[in-house]
Amino acid sequence: VLKDIVRVLLQEKPTYTDPITQFLTLLFVDFDFDHAHAKLKEAEQLLSNEYFLECVKDEFIENARVLMFETFTRIHKRISINTLADKLDLDRSTAVHKLVEFIQIARVDARIDSETNQLAIYTDYPSVYQQVIDKTKGLCYRTSQLASQLDRKYSSRLDD
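What comes next concerns the included structure. (Residues numbered from 1 in each chain as written. Predicted model: local features only at pLDDT ≥ 70, side-chain atom pairs only at ≥ 80, totals over all residues. Heavy atoms only, no water.)

1. Considering the packing of helix α1 (residues 2–12) against helix α2 (residues 19–30)
As a reminder, the rule being used: Helix axes are fitted to C-alpha atoms over the stretch in contact, other axes to C-alpha atoms as well, and angles between N-to-C directions run from 0 to 180 degrees. Strands are runs of DSSP state E lasting at least 2 residues, helices are runs of H or I lasting at least 4, and numbering of each runs from the N terminus. In this scheme the crossing of two helices becomes right-handed for a clockwise turn of the near helix relative to the far one and left-handed for an anticlockwise turn of less than a right angle. Should any heavy atoms of two residues lie within 4.5 Å, those residues are considered in contact. Following the grouping adopted for this structure description, the nonpolar residues are Ala, Val, Leu, Ile, Met, Phe, Trp, Tyr, Cys and Pro, the charged ones are Asp, Glu, Lys and Arg, and the polar ones are all others, Gly among them.
Remark: α1 packs on α2, axes separated minimally by 10 Å, with the N-to-C direction vectors making an angle of 115 degrees. Seen along the crossing, α1 lies across α2 with a hand that is left-handed. Contact residues: L2, V6, L9 and L10 in α1; T21, L24, T25, F28 and V29 in α2. Here the residues of the contact of α1 with α2 sort into seven nonpolar, two polar and no charged.

Written out as structure tokens, the structure reads:
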């Protein structure tokens, strides 16, 4: 779903843009976390001034931080907690607690190393062979479903 949203945002970029759409584009297309952080602040200001959206401002900001955290952890193996606190606009005293919450929400396999004050991310990517096998299984299933649908459709025509 997120890929579709980003695709639509890119298509509509010349005709419509606001801090929220710019934030998503900067985060998922450009991977520019500094500018995305600035656009998130603009979006927060926009939501504060908008009467109908003010009630969802805190939830939007929290979810935006989780998205930034997820994206940041996908492209890094080790991240300084202070850097993450700055990028996610977290208070340094509560950053570790908040990061633990983000790890649970995002279901990221990560550990906080208190000795080095870093977040270590562990990724277990499936092998290329396993990916091919999974795609092939899905393809076989879809093909059999299509064949059974065609068989039912043509057998009902023959009966008539």
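Don't stop here, the text continues.
2. A word on the nonpolar core
We apply this condition: Buried Ala, Val, Leu, Ile, Met, Phe, Trp, Tyr and Cys residues form a nonpolar core when they are joined through side-chain atoms within 4.5 Å. The cut-offs for exposure are 20% and 50% of the maximum accessible area for each residue type, with area from a 1.4 Å probe on protein chains only; residues under the lower value are buried, those over the upper are exposed, and the others partly exposed.
One finds F23, F69, L84, L88 and L99 to be the most contacted residues of the largest nonpolar core, which totals 31 residues. Residue assignment for this core shows that the elements contributing at least two residues are α1, α2, α3 (33–49), α4 (57–75), α5 (81–87), α6 (95–106) and β3 (118–121). With six residues, the single largest contributor to this core is α4. Apart from the residues lying within four places of it in its own chain, the contact partners of L88 are R65, M68, F69, L99 and F102.

3. Remarks on the pairing of strand β2 (residues 110–113)
The criterion, for reference: Two strands qualify as a pair provided that DSSP identifies no fewer than 2 bridges between them.
Two elements, β2 and β3, share four bridges in a ladder whose sense is antiparallel. In the sheet register, D113 faces β3, and the bridge partner there is Q118. Turn length for the β2-β3 hairpin, with the two strands adjacent in sequence and antiparallel, is four residues, and the turn residue N117 shows positive phi of about 55 degrees.

4. Things to note about α2
For the α-helix, the turn length of 3.6 residues means that residues three or four positions removed from each other point alike. For α2, the buried fraction is high: nine of the 12 residues fall into the buried class. If you check which residues of α2 are buried, you get P19, I20, T21, F23, L24, T25, L26, L27 and F28. Just beyond α2, the residue with positive phi is F31, at close to 55 degrees.

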